[in-house]
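# Architecture at a glance
Chain by chain, the residues run as shown.
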Amino acid sequence: MRVVFRVAFLAVRAALIVIVAFVSFRAPWPDPGNFSLLIAAVTASTLQLVLWAPADLIPPASLRYAFLLPYALAVVTFTCDMAAASPTGGEFMIQAVLAAVMAGSDTSLAAGLRVVGVGILACEVQGLVGATITSTVEHPFILLVGWMVGRNLRARQVQVDESAALLAKADQLREEQAKVAALDERARIAREIHDVLAHSLGALGLHIQAAQALLTIQHDEEQAVELLGQARRMATDGLNETRRAVLALRGETRPLPDGLAELSADHQRRHGTRVTFEVSGEPRPIPTDAGLALARIAQEALVNTAKHAPRQPVDIRLDYADARTSLAVTNHLGDHGAGNRGAGDHGAGDHGPGLATVNGGFGLAGMRERLLLVGGTLSVGPDGGDWIVVAEVPR
């Protein structure tokens, strides 16, 4: 759009030079002094137009030779104003005004004022040698008006450029936000896959390991077959859990108490462990991500109880308080659980014993990451003869 405007402006200026020259050199023929002024004005205007045309059309060239433009415009303004103040060259005031407009739009404030000042000086010089009082007063005013028009055009162009830059920046920010959203969604899917597999395959691995021990050590085929049957049911349940995870990723989640009740019943059926589930407070809807995080923490904690303290009772309590929703999973360590609960399940630094999956112990980090995303907290540790996992999310 700017290039089209520049081309049109060049064409108008070229046409005006021809028209002004034709009108100014009409009969009666000007005297030699005025004739020289008219020739100088036409020459300066033409040279400025021709030499500056590439810079008008090619922005890099305009930037490279920008320091020459005020001098060229000053020459045009001076000669055309001198010619305009002569008895036969009044039409050249048009060229002087165009030069003042360009000085306002294409040069700095100081340079533009110098160009206008040179034009005013030309008017006053002509006034000293016989120009009318009207031209020496009107022409400077007209030049100043032209320069102000140019400044307004410059301010508007700056505003348009800034708006375009802001739009480009907004587009860039939208693209970056889309990338961040895609990365967040990938991380969310990765967490869901990890948690589903850790729960399902972890319990399945424990049953297969127990069946293997029965076959190789105790040679109890009947009990081993029963365990393998349970493992087969666990595999089926794992597929169902995967489907539920996919629904959760789509935002289709069931109420948290119902999900935790089903999880407790499944664990009790699979492992022969007494699991009690209790809800306190008035149940209320909570954000999908927060509810999913609490459900996954309960799953991870139950896998840990089966691994470190098998057949020990587990208590799950969901509390709807005024300012937060908390989940507490408590299981008795037993004589054999207290010693190996801390073995291999320590987090980095001073985290102490923590949640762990059967394949390497990423559960604690994953659960804390989940809760951080929803503004929650996680605490894990022994309390007397019990092991307690407490997760809280804000209301």
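Within every chain, residues take consecutive numbers counted from 1 along the sequence as written. Local features in this predicted model are restricted to residues whose pLDDT is 70 or higher, and side-chain atom pairs enter the listing and the counts only when it is 80 or higher, whereas totals over whole chains, interfaces and linings include all residues. Hydrogen atoms and water are omitted, and side-chain values are computed over all heavy atoms in the structure.

### What about the overall build of the protein chain?
The helix and strand tally for the protein chain stands at twelve helices and five strands. Per-residue burial over the protein chain gives 41% buried out of 395 residues. Long-range contacts, defined as pairs at least 24 residues apart, comprise 70% of the intrachain contacts of the protein chain with a sequence gap of at least 6. What sets the accessible areas is the Shrake-Rupley method with a 1.4 Å probe; for residues, cover comes only from the shown protein chains. For the protein chain, the accessible area works out to roughly 21300 Å², and carbon and sulfur atoms hold 64% of it. The secondary structure listing takes helices from DSSP runs of H or I that are at least 4 residues long and strands from runs of E that are at least 2 residues long, numbered from the N terminus. The buried label applies to any residue whose accessible area, calculated with a 1.4 Å probe on protein chains only, is under 20% of its type's maximum; exposed applies above 50%, and partly exposed to all values in between. Two residues form a contact once any of their heavy atoms are found within 4.5 Å.

### Notes on the pairing of strand β5 (residues 386–394)
Only one face of β5 is buried, namely the one carrying W387, V389, A391 and V393, since none of D386, I388, V390, E392 and P394 on the opposite face is buried. At least two bridges found by DSSP between two strands are what make those strands a pair. Relative to β5, strand β3 (residues 324–332) is paired through nine bridges, and the arrangement is antiparallel. Bridge pairing in β5 links A328 to V390. Bridge count between strand β4 (residues 377–383) and β5: seven bridges; the pairing is antiparallel. Across the sheet, residue D383 finds its bridge partner in β5, namely D386.

### As for the confidence of the model for the protein chain
Per-residue confidence from the prediction method is given by pLDDT, with values spanning 0 to 100. For the protein chain, per-residue confidence averages 76 on the pLDDT scale, and residues scoring 70 or more make up 75% of the total. Note on residues 336–362: pLDDT under 50 across the span, and 52 contacts to partners over four residues away in sequence or across chains.

### Quick look at the environment of D81
Along the chain, the position of D81 falls in helix α4 (residues 69–84). On the basis of relative accessible area, D81 is assigned to the buried category, the value being 0%. Here D81 is in contact with V76, M93, A96, G119, I120, A122, C123, H139 and L143, once residues within four sequence places are set aside.

### A few points about the nonpolar core
The criterion is simple. A nonpolar core is a set of buried Ala, Val, Leu, Ile, Met, Phe, Trp, Tyr and Cys residues joined through side-chain atoms within 4.5 Å. One finds I297, L327, L378 and V389 to be the most contacted residues of the largest nonpolar core, which totals 26 residues. Among the elements of the structure, α9 (256–271), α10 (288–308), β2 (314–320), β3, α12 (363–373), β4 and β5 are those that each provide at least two residues to this core. Broken down by element, the residue count for this core peaks at seven residues, all from α10. When neighbours within four sequence positions are excluded, I297 is seen to be in contact with L327, M367, L371, L378, V389 and A391.

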